[in-house]
Amino acid sequence: METKYLVLTFKNESGDKVNLSLKGIKDTLTAAEISNAMDIIISKDAFFSSGGKLMQKSGAQIITKNVDEYKVG
């Protein structure tokens, strides 16, 4: 089974990187949509990390994971 994740990377107030991983994303997601979503997350203070508020975008990735499950027993 193939699963795609969107990993959004931010820098917080202390300068640390913080990753948010989202499962079940659209196949048609664009870089502009990702960037806009990250801007909204920052402006709305939607998430808080141990190092403080999310302050700036650092990067984004779509990761595709393949998992083969086997029944045993």
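Structure: above.
Definitions and cut-offs
Residues numbered from 1 in each chain as written. Predicted model: local features only at pLDDT ≥ 70, side-chain atom pairs only at ≥ 80, totals over all residues. Heavy atoms only, no water. Pairing = 2+ DSSP bridges. Helix = DSSP H or I, 4+ residues; strand = E, 2+ residues; numbered from the N terminus. Contact = heavy atoms within 4.5 Å. Axes fitted to C-alpha atoms, helices over the stretch in contact; angles between N-to-C directions. Salt bridge = Lys/Arg side-chain N within 4 Å of Asp/Glu carboxyl O. Buried < 20%, exposed > 50% of the residue type's maximum accessible area, 1.4 Å probe, protein only. Core = buried A, V, L, I, M, F, W, Y, C linked by side-chain atoms within 4.5 Å.

### Quick look at the sheet that holds strand S3 (residues 48-49)
On the basis of which strands lie adjacent, the open sheet formed by four strands has the order S2-S1-S4-S3 and antiparallel pairing. Looking along the sheet, the strands with just one partner apiece sit at the ends: strand S2 (17-23) and S3. Examined bridge by bridge, S3 and strand S4 (residues 52-66) share two bridges and lie antiparallel to one another. Looking at S4, one finds that Ser49 is bridged to Gly52. Against the sheet, helix H1 (residues 31-43) contacts strand S1 (2-12), S2 and S4, and its axis sits at roughly 140 degrees relative to S4.

### Description of the pattern of salt bridges
Within the structure shown, the criterion is met by three salt bridges. Its salt-bridge partner being Lys4, residue Asp27 comes within 3.6 Å of it at the nearest N-O pair. Of this pair, Asp27 sits in the loop between S2 and H1 while Lys4 is found in strand S1, placing the two residues 23 residues apart along the sequence. Overall, Asp27 belongs to the exposed group, its relative accessible area being 65%. Two residues, Lys57 and Asp39, come together in a salt bridge whose shortest N-O distance is 3.0 Å. Placement of the pair is Lys57 in strand S4 and Asp39 in helix H1, with a sequence separation of 18 residues. Residue class for Lys57 comes out partly exposed when judged on its relative accessible area of 33%.

### Things to note about the nonpolar core
By size, the foremost hydrophobic cluster in this structure holds 11 residues: Leu6, Leu8, Phe10, Val18, Leu20, Ile25, Ile34, Met38, Ile41, Ile42 and Leu54. Elements represented by at least two residues in this core include exactly S1, S2 and H1. Per-element accounting of this core gives the leading share, four residues, to H1. Once residues lying within four places of it in the same chain are set aside, the contact partners of Met38 are Leu8, Thr9, Phe10, Lys57, Ser58, Gly59 and Ala60.

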